[in-house]
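Reading the structure
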Amino acid sequence: MDFNYSPAETEFRLSLRAWLADALPKGWGETVFLPSDEHEQAMFRLDWERKLYAGGWAGINWPKEYGGRGATLIERGIFAEEMARARAPEPINVIGHNLTGTTILAHGTEAQKKRFLPKILSTEEVWCQGFSEPNAGSDLASVRTRAELKGDKFIVNGQKIWTSFGQYSQWCFALVRTNPNVPKHKGLSFLLIDMKSPGITLRPLRQISGEYEFNETFFDNVEVPAENIVGDIDGGWKIAMTTLTYERGPEDALGRQIRFKQELDQLLRTLVRHQRGAGHAIDEPAVRQKLAKSIAEIEIVRLNALRSFSKLESGGDRGADASMTKLYWSHAAQNMYEVAMDALGPIAPLSGSDPQAAALGKFQMSWFQSKAFTIYSGSSEIQRNIIGERVLGLPR
Amino acid sequence: MNFAFDEEQVSLGDTVARLLADHPALVGPDLDQAAPTVWQALAELGLFMLLVPEEQGGAGLAPIDLTLAVEALGGSLAPAGVIATLLATDLIVQHGTPAQRDTLLPQIAGGDLRFAVALYEADRDFDPATLGAAVDGGVLNASKIAVADAAAAQMLLVIARGRDGMGCYLVPADVAGVTITPHEDIDPTAGLCAVRFDGVKLDESALLGAPGLAIARLIDTAASLHAALLTGIASRMLDTAIEYAKTREQFGQPIGSFQALKHRCADMAVSLDSARSATYYAVWAASENASDRARAASMAKAYAGDVARQICNEAIQLHGGMGFTWDLALHRFLRRAKVIEHAFGSTAWHNERLLQETLAMLAAEDEAGRAAA
Ligand SMILES: Cc1cc2nc3c(=O)[nH]c(=O)nc-3n(C[C@H](O)[C@H](O)[C@H](O)COP(=O)(O)OP(=O)(O)OC[C@H]3O[C@@H](n4cnc5c(N)ncnc54)[C@H](O)[C@@H]3O)c2cc1C
């Protein structure tokens, strides 16, 4: 147990910090912020990802041969800390990095690795996730989107839903049914689908925040080359489980913690300055207790991730404990945004560009967005089932 | 950077847990069943020499090396004097004069000197700065409460205000003017006592460390290690609950198959794991005197306090009527956890301190940012 960093790790931190100071716009996080328009913001975030790549900071712990930096998970942890410190924007191609890339690294062919991984890192190809369907959410194995192998192509028909960032994506990985005549887990395959393929239509869905981050995705006789399957035909469930382990795992949690920590720090700074009566918003004793609990919980999201990293670095398995990671961060963050609304007092409902709104309405937007945390990547109830049965060994 | 315990740290925890398991009375239902030989057994194992530097005959380890052992002390409801003695050892190692170190540490290493910490007072709150105990002209007057294991201690570590501020004083338990009276309280096995100091004459060497500094270290180390005691208790209660959930049947199936219980067990497991992350980091920060030592300590104590409370309560609920029986002895963990929650700062006090430390950190960052610009 030692939190001291080696000289090489410190060197990594300092060179990243220096790079960040140059790469972000002047006054970033103080006077200059993300564009408020949803589309412009997405473009800005994609640009930022390209910049990170050009600077050599994409795929910190991915193998060098596919364009990564070949560093350790510890350095990945440092990377997250420095991104938080610099208030760097959140990436959009998270699905590409954390889900597609990791899944292809684990199960893909050499040709697939060479073809897909470098373009994820360079953000030439943004990815979306085609798992959920209108009738298959928590019960993911009951997906019905059909893929039939005809010659050297799969023909895909059906519908996916809640496809986040579909509108920015060049590629989609999808869980599809290749065999309807066997038990539901045994007839699934994992396909990589070019979003430019004829027959794909997207329909945006509006979210409670008012944004349009996710979509319905329709597949109408979409042709997918047979070599774009990951794993075996009808062997897709195993591959999808790997994807979910990464989706719920410590790298994902740590990436998100960057934003939670930034916003919590920003909240605290706002409350210290915001006048209320003879004092400031921070003085409210009941709120102080809640703020402290959130400070602890958001910090623990990071500590939990680092503990998992150490386990993985010493050869531990990724497994059901990813569900523990996900359950924890989602509720910690959701609580934090509730506390933010409590703490803001009378100005809490004021949002967006209202002149009295705090921090350009960021806390209100995040509060809305946080309602999804306990639903996507497997709802909390599903995580609790997994933890109860697979970690604690309770009967089904 | 490595956030995992090494083999020796893990094996020390296992060894202490196994030794304590040989003293089942420690966790039995009755409050008057002492385990008189447990101190001696721990001493023979060498527990008390671990934090003592090699020069004084010890192993020269740091608190972080003992974290899992302290969890085992917590989960086995070991006598409170054990942790008090480890805390005093750390304080003497870090802040003692050469003379204090040379006289006290070898006795500690051999298990011949047992400590109790006299901190709180009935009419003051958890903030040590508010205490009324005073040392004036070398004479101590104080009225302390909830001094764990005081009746068994040979040496009392007393927190009192001296000429130069709030200090830690070493006072032998048997000197004139010291009166030790056991309390009536929720956990008699913690040995809580009221301790009066009426005109107790202190000798020159009584003051341990610089006023202000030593007490700050004591609070941080104590908060971190008491968080470890709490995770130890919580872990044991959760194991017990899960075991019961697997075996007890109602409606023709194990109760653990009901989602209402399964989900709460899952939540408890996640809370416990998270309390451990906070606790392990805090003990490391105390061991290294890291710049965020106080913040980490308060975070751990407050968080682990909440988690231990949640898990003790839920574990009793999950056992139904059995959980409420004296004989199942779950009450022993409930009692001890509540005492520890109120030792070395409550959850609310540590939360407030955590917020203050965090705001100070942000202000310093902003200051540094302005200076750089
Ligand atoms: C913002 C957002 C973005 C998303 N992005 C994507 C994406 O990019 N790609 C993708 O494929 N999917 C995405 N999803 C979908 C997400 O994975 C699903 O919404 C989620 O798995 C839940 O499925 P469902 O919506 O069908 O709800 P249901 O499965 O119908 O669940 C409804 C309720 O029932 C509960 N429930 C269900 N089964 C059980 C059970 N066995 N025990 C106890 N309770 C149960 C659930 O917890 C939930 O509370 C996204 C969702 C959101 C909100």
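All values derive from a computational prediction rather than experimental measurement. (Residues numbered from 1 in each chain as written. Chains lettered and ligands numbered in written order. Predicted model: local features only at pLDDT ≥ 70, side-chain atom pairs only at ≥ 80, totals over all residues. Heavy atoms only, no water.)

**Some words on the nonpolar core**
Residues Leu42(B), Leu73(B) and Leu218(B) are the most contacted members of the largest nonpolar core, which totals 178 residues. Considering every element that reaches this core, the biggest residue donor is helix 6 (residues 213-247) of chain B, with 18 residues. In this view, Leu42(B) contacts Val16(B), Leu19(B), Leu20(B), Leu47(B), Phe48(B), Leu73(B) and Val82(B); residues no more than four positions away in its chain are not counted. In terms of nonpolar packing, the next biggest core, distinct from the first, is built from 32 residues, Ala58(A), Val126(A), Phe190(A) and Leu192(A) among them. (Core = buried A, V, L, I, M, F, W, Y, C linked by side-chain atoms within 4.5 Å. Buried < 20%, exposed > 50% of the residue type's maximum accessible area, 1.4 Å probe, protein only. Helix = DSSP H or I, 4+ residues; strand = E, 2+ residues; numbered from the N terminus. Contact = heavy atoms within 4.5 Å.)

**A look at the domain arrangement of chain B**
All names here are of chain B. According to the domain assignment, chain B consists of domain 1 (1-113), domain 2 (114-210) and domain 3 (213-366). Placing a centre on the C-alpha atoms of domain 1 and another on those of domain 3 gives a separation of 21 Å. Contact with domain 1, which involves 28 residues of that partner, is made by 31 residues of domain 3. Of the roughly 2,600 Å² buried between domain 1 and domain 3, counting both surfaces, carbon and sulfur atoms make up 70%. Area buried by domain 1 at its contact with domain 3 is led by Glu71, Leu77 and Leu87, which between them contribute 24% of it. (Domains from an automatic or database assignment. Buried area = accessible area lost by both parts, 1.4 Å probe.)

**Topic: the site of the ligand**
Taken together, 18 residues sit near the ligand, with Ser132(A), Ser138(A), Trp162(A), Ser379(A) and Glu381(A) positioned nearest. Flanking the ligand are residues from chains A and B. At 2.7 Å, a backbone N or O of Ser132(A) approaches an oxygen atom of the ligand. In the model, a nitrogen atom of the ligand is placed 2.8 Å from a nitrogen or oxygen of the Gln259(B) side chain. Contact with the protein chains hides 67% of the accessible area of the ligand, taken as 970 Å² for the molecule alone. A total of three residues in the shell around the ligand trace back to one element, the largest contributor, which is helix 11 (residues 380-391) of chain A. No fewer than three residues from each of domain 2 (127-234) and domain 3 (248-390) of chain A sit in the shell around the ligand. (Near = heavy atom within 4 Å. Polar contact = N/O pair within 3.5 Å; in protein donor to acceptor, adjacent residues only side chain to side chain. Areas by Shrake-Rupley, 256 points an atom, 1.4 Å probe, with all protein chains shown as cover.)

**Side note on empty space enclosed by the protein**
By the definition in use, this model includes three cavities of 30 Å³ or more. Put simply, the largest cavity is a space of about 80 Å³. Lining the largest cavity we find Lys261(A), Leu264(A), Asp265(A), Leu268(A), Ile295(A), Ile298(A), Glu299(A), Arg295(B) and Thr358(B). Looking at the lining of the largest cavity, the elements that each hand over two or more residues are helix 7 (250-273) and helix 8 (285-313) of chain A. (1 Å grid on protein atoms, 1.4 Å probe; cavity = no way out; pocket = protein on both sides within 12 Å on 5 of 7 lines; lining within 4 Å. Points joined across faces, edges and corners; volume = space filled by probe spheres on them.)

**Brief notes about the packing of aromatic side chains**
Enumeration according to the criterion identifies 25 aromatic pairs over all chains in this entry. Ring centres of Phe373(A) and Tyr376(A) lie 6.3 Å apart, and the angle between their planes is 55°; this geometry places the pair in the tilted category. Owing to a relative accessible area of 3%, Phe373(A) belongs among the buried residues under this scheme. You can call Tyr376(A) partly exposed: its relative accessible area is 31%. Here Tyr281(B) and Trp284(B) contribute two aromatic rings whose centre-to-centre distance is 5.9 Å and whose plane-to-plane angle is 35°, an arrangement assigned as tilted. On the criterion of helical spacing, the pair formed by Tyr281(B) and Trp284(B) is a turn pair, its members being three residues apart in helix 7 (residues 259-288). Assessed through its relative accessible area of 12%, Tyr281(B) is described here as buried. For Trp284(B), a relative accessible area of 6% corresponds to the buried category. Members of the aromatic cluster, connected to one another through ring pairs, are Phe260(A), Trp329(A), Tyr337(A), Phe373(A) and Tyr376(A). Above the ring of Tyr5(A), the side-chain terminus of Arg13(A) is found at 4.9 Å from the ring centroid. (Phe/Tyr/Trp six-rings, centres within 6.5 Å; stacked < 30°, edge-to-face > 60°. Lys NZ or Arg CZ within 6 Å of the ring centre and 35° of its normal.)

**Section: the environment of Leu327(A)**
For Leu327(A), the location among the structural elements is in helix 9 (residues 321-344). For Leu327(A), a relative accessible area of 3% gives the class buried. Separated by 80 residues in the primary sequence, Leu327(A) and Glu247(A) place their C-alpha atoms 12 Å from one another. Once residues lying within four places of it in the same chain are set aside, the contact partners of Leu327(A) are Ser380(A), Gln383(A), Arg384(A), Ile387(A), Asp267(B) and Val270(B).

**Comments concerning the layout of surface pockets**
Residues and elements named next belong to chain B. In this structure, the second largest pocket encloses a volume near 580 Å³. Put simply, the parts of the chain that give the lining of the second largest pocket at least two residues each are helix 3 (67-75), helix 4 (80-95), strand 3 (139-147), helix 6 and helix 10 (330-341). By residue class, the composition of the lining of the second largest pocket is 24 nonpolar, three polar and six charged. (Nonpolar A, V, L, I, M, F, W, Y, C, P; charged D, E, K, R; others polar.)

**Some details on the interface of chain B and chain A**
Listed as interface residues are 47 residues of chain B and, on the opposing side, 41 residues of chain A. Interface area, chain B with chain A, both sides summed: about 4,300 Å², of which 64% is carbon and sulfur. When residues of chain B are sorted by the area they lose upon contact with chain A, Met1(B), Phe3(B) and Lys262(B) head the list and together hold 19% of the total. Taken together, the links from chain B to chain A amount to seven salt bridges. (Salt bridge = Lys/Arg side-chain N within 4 Å of Asp/Glu carboxyl O.)

**Some words on unusual backbone geometry**
Residue and element names in this part refer to chain B. Positive phi values are uncommon outside glycine, yet Phe251 reaches one of about 55°. Secondary-structure assignment places Phe251 in the loop between strand 9 (249-250) and strand 10 (253-254). Take Phe251: its relative accessible area is 76%, and that puts it in the exposed class. Backbone geometry at Phe344 places phi at a positive 50°, although glycine is not the residue there. Take Phe344: it is sitting in the loop between helix 10 and helix 11 (347-372). Its relative accessible area of 9% is what places Phe344 among the buried residues.

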